[in-house]
Amino acid sequence: MISVLLATYNWPQALKLCLESLSTQTDLDFEIIIADDGSASDTKDLIENTRKHFPVKITHLWQEDQGFRKTRILNQAIEAACGDYLVFLDGDCLVQPDFIAQHRILCETKHLVTGSRVLLNDELSKKLLSWPHWDFEKFSRNLLSYRLSGGINKYWPLKIKLGNGAWRNYKKFVWRRIKGCNMACWRSDALAIGGFDETMTGWGHEDADFVFRLQNRGLIRRSGSWATEVLHLYHRINDQSNAAENARRVREKILAKAQ
């Protein structure tokens, strides 16, 4: 079984659409563990109401809001996961109906997957958030117009799906295209490296650090592009005051390995 570790913080409107997109998956052999970094009670109420009619199990893990501590709550989610394979997703992302199925196709022992995202602009994001329910078919009917108007920054990866193959494999660690909102690995591998580095607080590069340490353990990084794209709702940029320090720490680990 796959465990979707869904990180969220104080945006229940986006989380509602995200969960609705997960409810329409062609492959329902998965569970959802919501890793909540201190959201208010309206998020809890949404989850409780959604649970009643949802097709798969939802577990809600919550920690007190003491700033950006995503690494800590994700580690709790890793521990709580019942699935052998973990897919990391953010609550401000909407998934295609074959999202789980595509991740299952790409999963392989001694590999991890880093997927990609399609960025939505502010106008289109507000439009989707106003819909009573998520409807991927309705969204897809207007893909070309969304692309031409700048509503989305990619078109073809949502129209064409490419299969698995060695061409997806990275030969070494690179920073490019590591998105914590869409990546996957085996639970045993995540536990073997001690999960996310909880000393990395504040936004930025905790996902790159996680991927680097998995690759440093001998895993092969596989691209999930043209298969697992998620739709990323527009929001204001997070506080990035810790990003430079977090990046420096990842670079130190990379240099230490090189030496």
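Notes on the structure follow. Predicted model only: the values in this text are computed from it and were never measured.

1. Looking at helix 5 (residues 122–130)
Among all positions of helix 5, only L124, S125 and L128 are buried. Across the axial projection of helix 5, the buried residues extend over an arc of 100°, all falling on one side. Helix 5 presents E123, K126 and S130 as exposed residues on the side facing more than 90 degrees away from its buried surface. Buried-residue contacts for helix 5 involve helix 1 (12–23), strand 5 (93–95), helix 6 (136–140) and helix 7 (143–148).

2. A look at the packing of aromatic side chains
Under the definition given, this model contains twelve aromatic pairs. Taking 5.6 Å as the distance between ring centres and 70° as the angle between the ring planes, the aromatic pair formed by F88 and F210 counts as edge-to-face. You can see F88 sitting in strand 4 (residues 85–90) and its partner F210 sitting in helix 10 (residues 206–216), a full 122 residues away along the chain. Both residues of the pair, F88 and F210, count as buried. Both rings, one in W134 and one in F136, keep their centres 6.4 Å apart while their planes meet at 50°; by these two values the pair is tilted.

3. Focus: the sheet that holds strand 7 (residues 117–119)
The three strands lie next to each other as 5-10-7, forming an open sheet whose pairing is mixed. Every interior strand has two partners, whereas the edge strands, strand 5 and strand 7, have only one. When the angles between neighbouring strand axes are averaged without regard to direction, this sheet yields 30°. Two strands pair when backbone bridges link them, and strand 7 and strand 10 (residues 230–232) are joined in this way by three bridges, in the parallel orientation. Residue R117 lies in a different strand from strand 10, and its bridge partner there is V230.

How each quantity is defined
Residues numbered from 1 in each chain as written. Predicted model: local features only at pLDDT ≥ 70, side-chain atom pairs only at ≥ 80, totals over all residues. Heavy atoms only, no water. Buried < 20%, exposed > 50% of the residue type's maximum accessible area, 1.4 Å probe, protein only. Helix = DSSP H or I, 4+ residues; strand = E, 2+ residues; numbered from the N terminus. Arc of directions from axis to C-beta. Contact = heavy atoms within 4.5 Å. Phe/Tyr/Trp six-rings, centres within 6.5 Å; stacked < 30°, edge-to-face > 60°. Pairing = 2+ DSSP bridges. Axes fitted to C-alpha atoms, helices over the stretch in contact; angles between N-to-C directions.

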